[in-house]
Structures are given as structure tokens and as C-alpha cells.
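Here is how the chains run, residue by residue.
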Amino acid sequence: MKKRLNDLAIFGGTPTFVDKLHVGRPNMGNRENLLSRINDILDRKWLTNNGIYVQEFERQIAQLVGVKHCIATCNATVALEIAIRAVGFTGEVIIPSFTFIATAHALKWQEIIPVFCDIDPRTHNIDPNKIVQSITPRTTGIIGVHLWGRPCNVEALSEIAHTHNLKLMFDAAHAFGCSHQGRMIGSFGDAEVFSFHATKFLNTFEGGAIVTNSDELAEKIRLMTNFGFAGYDRVIYIGTNGKMTEVSAAMGLTGLDNLDEFVFINYRNYKYYERQLKEIHGINLTNYNESEKSNYQYIVLEIDEIVLGISRDQLLEILHAENVMARRYFYPGCHNMEPYHSYFPYSKLLLPETEKLIQRVISLPTGTSISLEDITNIVDIIKLAIENKTYFQDKLSNLQLISSINT
Ligand code: T4K
């Protein structure tokens, strides 16, 4: 355990971790089971195009979520693009800016304007009270994002959508395995989209899925995901290639077999972080509603630099030097990235809560690759930095000064 300031790697000490500790290390299911599925796929020589593994994966997802239809896709970004088109969004669609850029790009890719709405600082999700002021005659819908797997205010969003005759979709990229008021996420709005990217709670290497209870929408989405083919040589709709492969589905099915273990480890890590961080004023661990189902896939801290005496970015620098590759998701917010920043140069002014949060959030490693000892070591680094905050700030600003002179 590091005791003195000079033990910190940023001041020349040996990094706490020899190998980098990443946020987003994949949760792997049983390797033997995966390899046996892959062998079977190779023997059967059926690699993609709605094979039996994809069908089984879709069946299990639909059952787990409690929806009528699941259409597996190659990733969640393409799934969003397809769902957005199938639901019938055009013109302008209201979304939060505090999300991964894919939510905005999936709209703009189709020349639909994402109109950014501020978030509720307590939930980090789109604030229903700020939506109505952004509705214009061109608005056709809302996409809520269940950030960190924590549900949006689904009831308020549904009410607004109903009153203003708008479509409602959810980007549920983070929220597979989570529930809201006892109902699984995936069954709300016109459609919801999951991500099964390598970094997600459940992964298919790359992958995603669109889930819906609408027969009509599901049929359209299936066609769109496969070039619009409604049979051999028969195209009846504009489509793209959004299909999931058999190997991806095999990975997904293997993960599904081990889902309880993933939740168990994530929950254990979350409680351990919670216990170790609770005494520290100025650090707030984003909490999960334990009366609901959660996947606990994200350990998100809010840093109050005034109370803590160290800024979020300083802490990030300290952790990185120790090989703890913490991330500042979702900095700097979609509205500060192109092409949106040039399109809405003044949107900063309309998003005060988003602007505050993007300066405060830091995401720490968790998942099946992280041990309790790793967590103790991560928190010890944070504590050592805070104990020495005064001295430390001087050192850091000197270091920053030197590095800015050198570059
Ligand atoms: N909507 C929302 C709200 C989302 O968060 C996302 C994706 C989407 C939509 C779109 O879903 P997909 O189209 O991707 O299915 C990562 C992921 O690439 C992205 O899927 C995810 N959100 C986002 C939150 O995180 P980056 O830019 O952080 O990726 P990268 O390569 O830096 O990976 C993150 C960390 O994970 C690294 O520190 C290393 C580790 N890692 C990564 C990979 C790929 C591994 O240990 N193994 C791996 O195989 O975006």
C-alpha cells in the first residue's frame, strides 16, 4: 500500500498495477461452452443470415425482457438507425446530450436533427420538465437513454409523447437486465435498443438488439435489417445489412448462461466501492435502486472539486499514472462535439445541468475482471491523493506547467 505522496506514480513511484485496469473489460461466460458452440457453427457451415444460434438468442432475450419481439443486430448504433427509421422519426427528435455519441449520430446519419435536452442531475437522465420547451412543429419524437442502466422517468416521457402526438423510443444500450417498477427495460415506448458491445454487461463481441411489442414494427424492422428481403429475390422495402452473426449469438448465449454470476460480481463490486468511498466528502457514488433489477455494470463517481480539493481531471491523471484507466464518460457531451457544436453553438446555455455533470463524472473499473483487492487499491490511491491535496495541487500544477513548456 502506498503511504507517502512520492509513492504515487504521477510523482515517480511505481504504478500500483503492472497491467492496465480498464473500464469496460468484457464479462466472459464459460470458455468451453463458447468454443463448443463455435465448433458446432463451423461444423454446420451456417455462419450468418438468421441461423439457429441467432434465433435462439433472440428467443431468450425476448423471454427475459418479456416482449413479443427481439431482432438481433450487428451493433446498437445500426439498431438505433433502423429503429429510428422504422418508428418513423423525421425532422427533429429530442434526446439528452449526456449520452454516448451514437444516440445523436444515429439520427443525424439520416438527416434528422437531434435536439438536445438537459438532464435531471439526480438521475443523469433526460429531464421531462425540460422537454416541452424544445418541441417545435418539426418534432416527431423523443429518445430517452437509460444511462448506466438506471431507468428514465418512463411515465412522464410517455405522457408528454402522448399529449404531443410524438413517438417514443429508448436507447437501452446500458440497461439489459434492468427493471423499472418491476417491469423489465426493453418493454417501454414504441421500441427499445440494447447494446451487446464487448464493454457491455452482456456481450456478443459486437452486437445489439431491437425489442418491441408491436407486430407491425417488428416485421418492418426484420425486413430493414436484412436489405428489405421478404423471401428469395423479393425486396419489398428499403433496408440495410444489420444482421448478427452466428458466432456473436454463440457468445451472447454463453453470456446468458452466466448472467447471474455477472450480476453477482458487479453487485459485490458496487457494494464494496460504496463501503470504501462512503466516508469521503466530495465523492458521490451514483447509486442503484436495489428494489429493482440492475446489472450494476457502471461504477460512476461524481466529484465535487470544491469539497474534495482535487478536480475530476486531476484525479483522472493520478489514476491513469497508476494504470487505473478510469474514464470521464460522456465528456464533453454530444452538444460540444461536431457536427452538433457548430449547428447549435449556443446549446451550452440551455444545458446547465449537463454542463455541470460533464465536469464531475468519472467511471471506475468493475466487472468480472476486477477483484476486491483491486478495488481496495484503487480507493487507497484516491484516499492518498485527497490526504495530500494541498501539497498535491502545487505539485500537479508544477507538473502541468513543465509538461506544457515541454510540448
Ligand atoms: N447508446 C449508448 C448510450 C451507448 O453507450 C452506446 C455504446 C451505444 C448507444 C452504441 O452501442 P454500440 O454500437 O457500440 O453497440 C465504448 C463502446 O465502444 C461503446 O459500445 C459504448 N457505448 C461506450 C460507452 O463505450 P469507448 O470509446 O469507450 O471504447 P473503448 O475502445 O475505449 O473501450 C472502452 C474500454 O474497454 C477500454 O478502456 C478498453 C476496454 N476494452 C474494450 C474492448 C473493445 C476491453 O477490455 N476489451 C475490448 O474488447 O466506447
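Residues numbered from 1 in each chain as written. Predicted model: local features only at pLDDT ≥ 70, side-chain atom pairs only at ≥ 80, totals over all residues. Heavy atoms only, no water.

- By the naming in an unreviewed UniProt entry, the protein goes by DegT/DnrJ/EryC1/StrS family aminotransferase and is assigned to Nostoc parmelioides FACHB-3921.
- According to UniProt, the comment filed for the protein under the heading Sequence similarities (unreviewed entry) is "Belongs to the DegT/DnrJ/EryC1 family." (UniProt positions renumbered as here; feature names shortened; annotations may be inferred.)

1. Observations concerning the site of the ligand
Part 1: In the region of the ligand, 25 residues are neighbours, and R25, T77, D171, H174 and Y329 sit closest.
Part 2: Here an oxygen atom of the ligand and a side-chain polar atom of H197 are 3.3 Å apart.
Part 3: In the complex, the protein chains occlude 77% of the 920 Å² of accessible area that the ligand would expose alone.
Part 4: Elements supplying a minimum of two residues to the shell around the ligand: helix 3 (76–87) and helix 4 (101–108).
Part 5: Residue composition of the shell around the ligand, grouped by class: 10 nonpolar, 11 polar and four charged.
Part 6: A domain split of the shell around the ligand shows at least three residues from each of domain 1 (31–257) and domain 2 (259–406). (Near = heavy atom within 4 Å. Polar contact = N/O pair within 3.5 Å; in protein donor to acceptor, adjacent residues only side chain to side chain. Areas by Shrake-Rupley, 256 points an atom, 1.4 Å probe, with all protein chains shown as cover. Helix = DSSP H or I, 4+ residues; strand = E, 2+ residues; numbered from the N terminus. Nonpolar A, V, L, I, M, F, W, Y, C, P; charged D, E, K, R; others polar. Domains from an automatic or database assignment.)

2. Considering the packing of helix 1 (residues 31–44) against helix 7 (residues 246–257)
Think of two packed helices as two axes; the pair is described by the angle between the axes and how far apart they sit.
Part 1: Direction vectors running N to C along helix 1 and helix 7 enclose 150°, while the axes themselves pass 9 Å from each other. One element, helix 1, and the other, helix 7, form an angle in the roughly antiparallel class. Viewed along their axes, helix 1 and helix 7 form a crossing whose handedness is right-handed. Residue-level inspection shows N33, L34, R37, I38 and I41 of helix 1 in contact with helix 7, the latter providing E246, V247, A250, M251, L253, T254 and D257.
Part 2: The class makeup of the residues in the contact of helix 1 with helix 7 is seven nonpolar, two polar and three charged. (Axes fitted to C-alpha atoms, helices over the stretch in contact; angles between N-to-C directions. Parallel < 35°, antiparallel > 145°, perpendicular 65-115°, else oblique. Left-handed = near helix turned anticlockwise from the far one by under 90°. Contact = heavy atoms within 4.5 Å.)

3. Considerations on empty space enclosed by the protein
Part 1: All chains considered together, the criterion is met by one cavity of 30 Å³ or more.
Part 2: In this model, the largest cavity occupies a volume close to 40 Å³.
Part 3: Around the largest cavity, the lining residues are A173, H174, F176, S195, F196, K200, F201, L202, N295, Q297 and Y298.
Part 4: Residue composition of the lining of the largest cavity, by class: six nonpolar, four polar and one charged.
Part 5: Three or more residues apiece are contributed to the lining of the largest cavity by two domains, here domain 1 (31–257) and domain 2 (259–406). (1 Å grid on protein atoms, 1.4 Å probe; cavity = no way out; pocket = protein on both sides within 12 Å on 5 of 7 lines; lining within 4 Å. Points joined across faces, edges and corners; volume = space filled by probe spheres on them.)

4. What about the pairing of strand 4 (residues 113–117)?
Part 1: With five of five residues buried, strand 4 is to be regarded as a mostly interior element.
Part 2: Residues I113, V115 and C117 point to one face of strand 4 and P114 and F116 to the other, with burial holding for every one of them.
Part 3: Bridge analysis of strand 3 (residues 92–96) against strand 4 gives five bridges, and the strand direction is parallel. Of the residues in strand 4, the one forming a bridge with P96 is C117.
Part 4: Between the parallel elements strand 3 and strand 4, the chain passes through helix 4 in a crossover that is right-handed. (Buried < 20%, exposed > 50% of the residue type's maximum accessible area, 1.4 Å probe, protein only. Pairing = 2+ DSSP bridges. Right-handed = clockwise from strand over helix to strand, strands pointing away.)

5. A word on unusual backbone geometry
Part 1: The omega angle of the peptide bond from Y331 to P332 is 0°, so this bond is cis rather than trans.
Part 2: Inspection of the secondary structure puts P332 in the loop between strand 13 (324–325) and helix 11 (340–343).
Part 3: Geometrically, the link from E338 to P339 is a cis peptide bond, its omega value of 10° lying close to zero.
Part 4: Along the chain, the position of P339 falls in the loop between strand 13 and helix 11.

6. What about the environment of C117?
Part 1: Position of C117 among the secondary structure elements: in strand 4.
Part 2: Looking at C117, the relative accessible area reads 2%, which means it is buried.
Part 3: Between the alpha carbons of C117 and S97 there is a distance of 6.5 Å; along the sequence they are 20 residues apart.
Part 4: In this structure, C117 is in contact with I94, I95, P96, S97, I126, D127, K130, I131, L351 and T354, ignoring residues within four places of it in sequence.

7. A few points about the environment of I378
Part 1: Here I378 lies in helix 14 (residues 372–387).
Part 2: Judged by relative accessible area, I378 falls into the buried class, the value being 0%.
Part 3: Measuring from C-alpha to C-alpha, the distance between I378 and L21 comes to 9.9 Å, with 357 residues separating the pair along the chain.
Part 4: When residues no more than four places from it in sequence are discounted, the contact partners of I378 are F17, L21, Y273, L319, V324, L364 and P365.

8. Overview of the side chain of S195
Part 1: Relative to the helices and strands, S195 resides in strand 9 (residues 191–195).
Part 2: A polar side-chain atom of S195 sits 3.1 Å from the main-chain amide nitrogen of H197.

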